Amino acid sequence: MKKDKIKEHLKKVLKPGRYEHTLGVEYTADCLAMRYGCDMAKADLAGLLHDCAKWIPNKEKVAMCKERKIPFTQVEQENPELLHAKLGAEVAKETYGIEDEEILSAIRWHTTGKPDMTLLEKIIFVADYMEPNRDKAPELDKIRRLAFEDLDQCLIFILKQTLEYLNGKTASCDPMTLETYHYYTKHEVQ
Ligand code: DGI
Ligand code: FE
Ligand code: FE
């Protein structure tokens, strides 16, 4: 599907605030791609589509994952909103015709991250957290500066904040969120 058609479709299915967020992630992913020499067309599409499964009701998310034999964790089953990432990669392929594995993987891992992420995966993860419409996370000004100075440090800072936030909420942490955090803090270059 062409980009303007994708936008038209997303505008229809997503809530207005979610659509604005999507455009914010697209724009921010473009900026980070410029800074780090990532393929801009891929960053743009991955940013645009990263939340394309967000509108699907939770029950349906679980059913769709089962139908497609997409494996999910216990935490994802208890918090099906997490599944919008894995399912998003499938929807991007099925509905929007995206075949590029790098783009699909960036969509798939945008919520939890994963160990040893590609540049594109890191860019989408970070762009999602800091795009201009976001205003809830603490120290966003620091995160936005860090994103353009040191992408890995920014990733670690975001993961740390996410774990603190989940602790405070006693929401269960997905094993992949923890694994990503441990991977990046262990591989941190001092
Ligand atoms: O879809 P978005 O809202 O744009 O952003 P997202 O895909 O990063 O999802 C953000 C939400 O996901 C936020 O409320 C925190 C939550 N989250 C991230 N990691 C985990 C998690 N929730 C649980 N239960 N476990 C996690 O490991
Ligand atoms: Fe998301
Ligand atoms: Fe998002």
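Before reading on, note that the structure itself is shown above.
Cut-off values and rules
Along each chain, the written sequence defines residue order, and numbers are assigned to residues from 1. Chains carry letters and ligands carry numbers; both start at the beginning, A for chains and 1 for ligands, and go up in the order they are written. For this predicted model, a pLDDT threshold of at least 70 governs which residues receive local features, and a threshold of 80 or more governs which side-chain atom pairs are given and counted, while totals over whole chains, interfaces and linings are taken from all residues. Side-chain descriptors were evaluated using all non-hydrogen atoms of the structure, hydrogens and water having been removed beforehand. Donor atoms: N, O and S within 2.8 Å of the metal, or within 3.2 Å for Na, K and Ca. Because water is excluded, sites can look incomplete. By definition, any uninterrupted DSSP run of H or I lasting at least four residues is a helix, any uninterrupted run of E lasting at least two residues is a strand, and each is numbered from the N terminus. The rule is simple: take the accessible area with a 1.4 Å probe, protein chains only, and divide by the maximum for that residue type; under 20% is buried, over 50% is exposed, in between is partly exposed. The rule for a residue being near a molecule or strand is that one of its heavy atoms must lie within 4 Å of it. We call two N or O atoms a polar contact when they sit within 3.5 Å, provided that within protein one can donate a hydrogen and the other can accept it, with sequence-adjacent residues counted only if both atoms are side-chain atoms. Computed by Shrake-Rupley with a 1.4 Å probe, the accessible areas treat only the displayed protein chains as cover when residues are assessed. With a 1 Å grid spanning the protein atoms alone, the term cavity applies to any set of points in which a 1.4 Å probe fits but cannot get out, the term pocket to an open set with protein on both sides within 12 Å along at least five of seven lines, and the term lining residue to any residue with an atom within 4 Å of a point. Grid points define the cavity or pocket, and a molecule sits in it when more than half of its atoms lie within 2 Å of them.

Novice: Looking at this structure, how should I read the coordination of the iron ion (ligand 3)?
Specialist: Each donor-metal-donor angle would ideally measure 109.5 degrees in four-coordinate tetrahedral geometry, or 90 or 180 degrees in six-coordinate octahedral geometry. Listed as protein donors to the iron ion (ligand 3) are H21 (NE2), H50 (NE2), D51 (OD) and D128 (OD); their distances from the metal cover 2.2 Å. The sequence pattern describing where the donors of the iron ion (ligand 3) fall on their chain is H-x28-H-D-x76-D. If you look at the iron ion (ligand 3) and the iron ion (ligand 2), they sit 3.5 Å from each other and are both ligated by D51. Placement of H50 in the loop between α3 (40–49) and α4 (58–67) and of D128 in helix α8 (residues 119–130) is noted, with a sequence separation of 78 residues between them. A single burial state applies to H50 and to D128, both of which are buried.

Novice: Even after reading the chapter, I still don't get the coordination of the iron ion (ligand 2), so can you show me in this structure?
Specialist: Bound to the iron ion (ligand 2) are the protein donor atoms D51 (OD), H84 (NE2) and H110 (NE2), situated 2.1 to 2.2 Å from the metal. Expressed as a motif, the donor residue spacing for the iron ion (ligand 2) is D-x32-H-x25-H. Residue classification places H84 among the buried positions, given a relative accessible area of 5%.

Novice: Before we go on, may I ask you to explain the site of ligand 1 in this structure?
Specialist: Neighbouring ligand 1 are 17 residues; K54, T111, R134, D174 and T177 lie closest to it. Within the side chain of R134, one N or O atom sits 2.8 Å away from an oxygen atom of ligand 1. In the complex, 81% of the free accessible area of ligand 1, which totals 570 Å², lies under the protein chains. Taking a 2 Å distance to the grid points as the criterion, the majority of the atoms of ligand 1 fall inside the largest pocket. The set of elements that each furnish at least two residues to the shell around ligand 1 consists of α2 (16–36) and α10 (151–168).

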